Amino acid sequence: MITAIVFVKADVSRIPEVAEEIASLEGVSEVYSVTGQVDLICMVRVRDTDAVAEVIADHLNKVPGVLETETHIAFRAYSSRDLEAAFSLGM
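Treat the numbers as computed from the prediction; the structure is a model and nothing was measured.

J.: When you look at the environment of Ser33 in this model, what are you seeing that I'm missing?
T.: Mapped onto the elements of the fold, Ser33 is located in strand 2 (residues 28-33). Sequence spacing of Ser33 and Pro16 is 17 residues, and the spatial spacing of their C-alpha atoms is 8.4 Å. Sequence-distant contacts of Ser33, that is, excluding residues within four places in its chain, are made with Ile15, Asp39 and Leu40.

Right under this line is the structure:
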């Protein structure tokens, strides 16, 4: 499983609509409206790099109102949930 974090700059007048359309895309697990340099942060979770390209280049980038994206691929996850699972004895 590959996780990609996508920063999205969007047309400010369409942020809710852009977020909803991105959230409906297969492979997109979450979309957050945020403060700062970007308008939305999207979590994409897919099986392989070809699927990353399909979701982002073929669909997300083409959503009306998306002006610019920046994609980061996650190498490892260090969330407490993942750490608990790694050290769990199955009890």
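J.: Could you clarify how one ought to interpret the nonpolar core in this entry?
T.: The nonpolar side chains of a soluble globular protein tend to be buried, and buried together. If you look at the biggest cluster of nonpolar residues, it comprises 22 residues, and the most contacted ones within it are Val8, Ile22 and Val44. For this core, the secondary structure elements donating two or more residues are strand 1 (2-10), helix 1 (15-23), strand 3 (40-46) and helix 2 (49-59). No other element matches strand 1, which puts five residues into this core. When residues no more than four places from it in sequence are discounted, the contact partners of Ile22 are Val8, Val28, Val31, Leu40, Cys42, Leu60, Val63 and Val66.

The rules behind the values
Residues numbered from 1 in each chain as written. Predicted model: local features only at pLDDT ≥ 70, side-chain atom pairs only at ≥ 80, totals over all residues. Heavy atoms only, no water. Helix = DSSP H or I, 4+ residues; strand = E, 2+ residues; numbered from the N terminus. Contact = heavy atoms within 4.5 Å. Core = buried A, V, L, I, M, F, W, Y, C linked by side-chain atoms within 4.5 Å. Buried < 20%, exposed > 50% of the residue type's maximum accessible area, 1.4 Å probe, protein only.

Function cannot be read off these values alone, since they describe shape.
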